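Observations on chain architecture
Next come the chains, spelled out residue by residue.
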Amino acid sequence: MNQHYMSNVTIQLLAEEVFLSPTYMCQFFKQETDETIIEYLTKVLIEKAKDLLKSPDLKIFVIAEMVGFENATYFTTVFKKITGVISGKSGKVCK
């Protein structure tokens, strides 16, 4: 998941990769990590976005698209929920 975060990762595809049913894989992942696959993947996307935010040349909507969000407003909402800070227009992280 960490390596293919930009591609359209689905639970079905992940389950096929590890030869498990989607339901069992989700239950197993939650049991082992205490978070859902979607929660984990969202954190991975936000971590990648934080790295990209260090570049002053990249706009928020570009970063959002680069990490798999189709909507920059939704990306900003998720970013704030995960990190507790708002990503600024200039590509810097604002508190």
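About the thresholds
- Residues numbered from 1 in each chain as written.
- Predicted model: local features only at pLDDT ≥ 70, side-chain atom pairs only at ≥ 80, totals over all residues.
- Heavy atoms only, no water.
- Salt bridge = Lys/Arg side-chain N within 4 Å of Asp/Glu carboxyl O.
- Buried < 20%, exposed > 50% of the residue type's maximum accessible area, 1.4 Å probe, protein only.
- Helix = DSSP H or I, 4+ residues; strand = E, 2+ residues; numbered from the N terminus.
- Expected span 1.5 Å × (residues − 1).
- Arc of directions from axis to C-beta.
- Core = buried A, V, L, I, M, F, W, Y, C linked by side-chain atoms within 4.5 Å.
- Contact = heavy atoms within 4.5 Å.

Remarks on the pattern of salt bridges
Scanning all chains against the criterion turns up three salt bridges. The shortest N-O distance in the salt bridge between Lys43 and Glu35 comes to 2.9 Å. Owing to a relative accessible area of 40%, Lys43 belongs among the partly exposed residues under this scheme. Across the pair Lys54 and Asp51 runs a salt bridge whose closest N-O atoms are separated by 3.7 Å.

A few points about helix α5 (residues 72-83)
Here α5 is twelve residues long and its end C-alpha atoms lie 16 Å apart, about the 16 Å a rise of 1.5 Å per residue gives. If you check which residues of α5 are buried, you get Phe75, Val78 and Phe79. The arc that holds the buried residues of α5, viewed along the axis, is 105°, so those residues lie on one side. Facing away from the buried side of α5, by more than 90 degrees, are the exposed residues Thr73, Tyr74 and Lys81. The positive-phi residue at the C-terminal boundary of α5 is Gly84, with phi of around 85°.

Considering the nonpolar core
Counting residues in each nonpolar core, the largest one holds 14 residues, and the members touching the most others are Ile46, Ile63, Val67, Phe69, Phe75 and Phe79. Mapped by element, the contributors of at least two residues to this core are α3 (37-52), α4 (60-66) and α5. Examining the composition of this core, we find that four residues originate from one element, α3, more than from any other. Setting aside chain neighbours within four positions, we find Phe69 in contact with Leu45, Ile46, Ala64, Tyr74, Phe75 and Val78. Leu14, Met25, Phe29 and Ile37 belong to the second-largest nonpolar core, a separate cluster that totals five residues.

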